[in-house]
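Reading the structure
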Amino acid sequence: MENATPRRVEHQQTDRGYVPVYATGVVEQPWDSYSATDHEVWNTLYARQCELLPGRACQEFLDGLERFGMGGHGIPKFSELNKVLTAATGWQIVAVEGLLPDEVFFDHLANRRFPVSWWIRKPDQLDYLSEPDLFHDLFGHVPLLLNPVFADYMQAYGRGGMKAFGIGPEALMNLTRLYWYTVEFGLINTPDGLRIYGAGIVSSKGESIYCLDSAAPNRIGFGLERVMSTRYRIDTYQQTYFVIESFEQLFDATRPDFTPIYQRLAASAPHAAGDVLDSDRVFNVGTREGWATNADT
């Protein structure tokens, strides 16, 4: 372990706005140091989302939650979850102090390690937190790593990220958009209707409701280059959600060499977060109610 004394890594104000203070080390989860309040925050968030998500989250996610048995007993021990996860798909959870530099994050994914922030939000942050904490990382991301196809997609994404990092910042941005609109904010079409699989949604009470029930956002069929060329929002609920048909579709999309895709995308301007194109498969054209008008990321 590179750092045996975990510390929370937060954002700091600079002339470029708030930026994360990166830490690259893998640490031991300081489970014995969690307070009663920390455990209660986990229990509260877990119970709230488990009540809300049936009929909203995809069955693969719900099955993963059940297999892990994460809830009701305070913050889980990563070592116990790893016994289940590694046996199922060869992945393991590693504890980290906060957001990682891109190349470190990609290396973890490429080697079937998923970084989870060791610290959890405060009681007054139940509904919103600007940076990913333990609840987002563990509850939102890890259950789907028990699904073999999604687990393979995440590893392929990590390998692609290492390559994109070597190509340049534009390629990296294209790939970041893919992660954002799938792993974080993706929807999946099922025989029972649209369901959530993105971690940024399933870990958020408000967005779990908004993404399916609100008339404001667009819901558009997934297309690899369409997603990679679409800007996104970091300060509000999403203006557009992209819908996959299956996890196999998502994994198959990562098979081609992305180098020519990056070259094509570099030759044209990106789409705004709320754009609907004539070529889109549209599930819903949003009413745009409440949309922010400032620049997308």
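These remarks concern the structure in this document. Each residue is numbered by its place in its chain's sequence as written, counting from 1. Under the rules for a predicted model, residues below a pLDDT of 70 receive no local features and side-chain atom pairs below 80 are neither given nor counted, while totals for whole chains, interfaces and linings still include all residues. Only hydrogens and water are set aside; all other atoms, that is, all heavy atoms of the structure, feed into the side-chain values.

Glancing now at the environment of Ala199. Only DSSP runs of H or I covering at least 4 residues are called helices, and only runs of E covering at least 2 are called strands; the numbering of each starts at the N terminus. Within the fold, Ala199 resides in helix α8 (residues 199-202). Spatially, the C-alpha atom of Ala199 lies 18 Å from that of Val41, the residues being 158 residues apart in sequence. Those residues in contact with Ala199 that lie beyond four places of it in its chain are His136, Gly140, His141, Val183 and Glu184. Should any heavy atoms of two residues lie within 4.5 Å, those residues are considered in contact.

This brings us to the sheet that holds strand β7 (residues 193-196). Spatial strand order, β7-β6-β9-β8-β10: five strands in an open sheet with mixed pairing. Each having just a single partner strand, β7 and β10 (282-284) make up the two edges of the open sheet. Across the sheet, the axes of successive neighbouring strands diverge by a mean angle of 35°, strand direction being ignored. When DSSP finds at least two bridges between two strands, those strands are taken to pair. For strand β8 (residues 218-221) and strand β9 (residues 240-244), the ladder comprises four bridges, and the chain directions are parallel. Counted as the bridge partner of Ile220 is Phe242 from β9. Axes here refer to lines fitted to C-alpha atoms; in helices the fit is confined to the stretch in contact. Angles between the N-to-C directions go from 0 to 180 degrees.

Reading across the sheet, the three strands line up as β3-β4-β5 and stay open at both edges, with mixed pairing between neighbours. Pairing within the sheet leaves two strands with one partner each, and these edge strands are β3 (26-27) and β5 (113-117). Note: strand β4 (residues 92-96) against β5, five bridges, orientation parallel. Paired with Gln92 across the two strands is Arg113, which belongs to β5. In the packing of helix α5 (residues 134-141) onto the sheet, contacts are made with β4 and β5, and the angle to β5 comes to roughly 145°.

Our focus in this paragraph is the nonpolar core. Here the nonpolar core consists of buried residues drawn from Ala, Val, Leu, Ile, Met, Phe, Trp, Tyr and Cys, with membership extended through side-chain atoms lying within 4.5 Å. Only protein chains enter the accessibility calculation, which uses a 1.4 Å probe; a residue is then buried when its area is under 20% of its type maximum, exposed when over 50%, and partly exposed in between. In terms of nonpolar packing, the biggest core is built from 86 residues, with Trp42, Phe61, Leu138, Met154 and Leu178 touching the most fellow members. Ranked by the residues each element gives to this core, the list is headed by helix α7 (residues 169-184), at eight residues. With residues near it in sequence (within four places) discarded, Leu178 still touches Tyr153, Tyr157, Val183, Phe222, Leu224, Val227, Met228 and Phe258.

Let us look at the packing of helix α4 (residues 102-110) against helix α6 (residues 148-167). At a minimum axis separation of 7 Å, α4 and α6 run at an interaxial angle of 145°. Relative to α6, the crossing made by α4 is left-handed. Between α4 and α6, the contacting residues are Asp102, Glu103, Phe106, Asp107, Leu109 and Ala110 on the first element and Met154, Gln155, Tyr157, Gly158, Arg159, Gly161, Met162 and Phe165 on the second. Note that Gly is not counted as nonpolar here; it falls among the polar residues with everything else outside the nonpolar set of Ala, Val, Leu, Ile, Met, Phe, Trp, Tyr, Cys and Pro and the charged set of Asp, Glu, Lys and Arg. For the contact of α4 with α6, the class distribution of residues is seven nonpolar, three polar and four charged. What makes a crossing left-handed is the near helix being turned counterclockwise from the far one by less than a right angle; a clockwise turn instead makes it right-handed.

Inspection of the secondary structure assignment puts Asp133 in the loop between β5 and α5. Taking relative accessible area as the criterion, Asp133 reaches 0% and is therefore assigned buried. What Asp133 contacts, discounting residues up to four positions off in sequence, is Ser117, Trp119, Ile120 and Arg121.

Here the focus is a nonpolar patch on the surface. A patch is a set of surface residues, each over 30% in relative accessible area and not in a salt bridge, joined within 9 Å for like charges and within 5 Å for the nonpolar side chains Val, Leu, Ile, Met, Phe, Trp and Tyr. Only the protein chains shown count as cover for residues, and the accessible areas themselves come from Shrake-Rupley with a 1.4 Å probe. The working definition used for a salt bridge is a side-chain nitrogen of Lys or Arg within 4 Å of a carboxyl oxygen of Asp or Glu. A contiguous nonpolar patch, built from Val276, Val282 and Val285 and spanning about 210 Å² of accessible area, is present on the exposed surface. Along the chain, Val285 turns up in the segment after β10. For Val285, a relative accessible area of 52% translates into the label exposed.

What follows covers unusual backbone geometry. Look at Arg112: it is not a glycine, yet its phi comes out positive at around 60°. Topologically, Arg112 is positioned in the loop between α4 and β5. Located in the positive-phi region is Arg288, a residue other than glycine, with phi close to 70°. Summarising the element assignment, Arg288 is placed in the segment after β10.

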